[in-house]
Amino acid sequence: MSYLLRTLILVGVLASHVVAASITYEVVPLPAQVPTGAQGGQAEPRAFEYRYRLFGISLLAGQELDIKFDPALYGPLWNPSAPLGLDVLVLQPDNPPGSGLPGDLSVLALADLPTIDLLSVDFIFLGAGMPGPQTFFINSYDSNGAFLGEILSGTTAPASGAAVPEPAALLLVGLGLLLLGARAVKR
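Residues numbered from 1 in each chain as written. Predicted model: local features only at pLDDT ≥ 70, side-chain atom pairs only at ≥ 80, totals over all residues. Heavy atoms only, no water.

Caption draft 1: Just the sheet that holds strand S9 (residues 147-155), in detail. With respect to topology, five strands assemble into an open sheet ordered S5-S6-S3-S8-S9, the strand pairing being antiparallel. Bordering the open sheet on either side are strand S5 (86-91) and S9, each of which pairs with just one other strand. Geometrically, the sheet is characterised by an average inter-axis angle of 20 degrees between neighbouring strands, direction not taken into account. As judged from the six bridges shared by S5 and strand S6 (residues 103-109), these two strands associate in the antiparallel manner. Pairing of Asp87 across the sheet is with Leu108, part of S6. (Pairing = 2+ DSSP bridges. Helix = DSSP H or I, 4+ residues; strand = E, 2+ residues; numbered from the N terminus. Axes fitted to C-alpha atoms, helices over the stretch in contact; angles between N-to-C directions.)

Caption draft 2: Broad picture of the environment of Leu54. Counting through the fold element by element, Leu54 comes out in strand S2 (residues 46-55). Residue classification places Leu54 among the buried residues on the basis of a relative accessible area of 9%. In this structure the C-alpha to C-alpha distance between Leu54 and Thr156, which are 102 residues apart in sequence, comes to 9.5 Å. In this structure Leu54 touches Ser22, Ile23, Leu65, Ile116 and Leu119, once residues within four positions along its chain are discounted. (Buried < 20%, exposed > 50% of the residue type's maximum accessible area, 1.4 Å probe, protein only. Contact = heavy atoms within 4.5 Å.)

Caption draft 3: Up close: the sheet that holds strand S1 (residues 22-29). One open sheet accounts for five strands, arranged S4-S7-S2-S1-S10; its pairing is mixed. A strand with exactly one partner marks an edge of an open sheet, and here the two such strands are strand S4 (74-81) and strand S10 (157-158). In the sheet, S1 pairs with S2 via eight bridges, with the strands oriented antiparallel. In the sheet register, Tyr25 faces S2, and the bridge partner there is Tyr52.

Caption draft 4: Geometry of the pattern of salt bridges. According to the stated counting rule, one finds three salt bridges in the structure shown. The residue Asp66 makes a salt bridge to Lys68 at a minimum N-O spacing of 3.1 Å. A relative accessible area of 8% means that Asp66 is categorised as buried. The exposure class assigned to Lys68 is partly exposed, which follows from its relative accessible area of 24%. Measuring nitrogen to oxygen at the nearest pair gives 2.8 Å for the salt bridge that ties Asp104 to Lys68. A residue pair is termed long-range when its members are at least 10 positions apart, and Asp104 in strand S6 and Lys68 in strand S3 (residues 63-69) qualify at 36 residues. Taken together, the shared-partner salt bridges connect Asp66, Lys68 and Asp104 into one network. (Salt bridge = Lys/Arg side-chain N within 4 Å of Asp/Glu carboxyl O.)

Caption draft 5: Looking closely at the confidence of the model for the protein. Residue-level pLDDT values for the protein average 81, and 68% of them are 70 or greater. Note on residues 10-19: pLDDT is under 50 here. Beyond four places in sequence and across chains, it has eleven contacts. Low pLDDT (under 50) marks residues 162-170, which in the prediction has eight contacts with non-local residues, meaning those over four places away or in another chain. (pLDDT = per-residue confidence, 0-100.)

Caption draft 6: The arrangement of the side chain of Thr156 in detail. Mapped onto the elements, Thr156 comes out in the loop between S9 and S10. Excluding anything up to four places from it in sequence, Thr156 contacts Ile23, Tyr25, Tyr52, Pro133, Gln134 and Phe136.

Caption draft 7: Representation of the packing of aromatic side chains. Enumeration according to the criterion identifies twelve aromatic pairs in this entry. On the basis of an interplanar angle of 25 degrees and a centroid distance of 5.9 Å, the ring pair of Phe48 and Phe123 is categorised as stacked. On the criterion of sequence distance, the pair formed by Phe48 in strand S2 and Phe123 in strand S7 (residues 119-125) is long-range, its members being 75 residues apart. Neither Phe48 nor Phe123 differs from the other in exposure class; each is buried. Arranged with centres 5.0 Å apart and planes meeting at 85 degrees, the rings of Phe69 and Tyr74 form a pair that is edge-to-face. With respect to burial, Phe69 and Tyr74 carry one shared label: buried. By way of ring pairs, the aromatic residues Tyr25, Phe48, Tyr50, Tyr52, Phe69, Tyr74, Phe123 and Phe125 are connected into one cluster. (Phe/Tyr/Trp six-rings, centres within 6.5 Å; stacked < 30°, edge-to-face > 60°.)

Rendered as structure tokens:
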């Protein structure tokens, strides 16, 4: 039993260091100012700002966060913002026109950044309702800019969404149940 107990304690300590990697977003409506050349299927395009926060994600020099903008839902992107040490680039959705290519908010780390507080970009939303989650990728490039590979991918989540238990908490609960089960079997 002492071997099982020591193993459970070791796993519990290691699990406390597990962090879920996620990107949350907040959607903020903007005044009716629309950049020149805004297009879309709506009579009145609606302007918003996405504000992104990264959790459990740190970018090293040469790593890029790439957030995709579906051309069926998003018009022009403008006014990207990121902390110092990041090179920010926006690529417009459906460019060239008729291509159906997604737009991108590309954020490249110029140095190792353990934390990134806030990223933002303004955009025109062409869809119904409110803007929602987006696909993101974290890619790695060498010092010459050659693509090395994809490190992580996922979907952004609303910042105001329901709390999701961290993996460490779920693991500790499972270990507690396992310990109780082992005690019951021993009796």
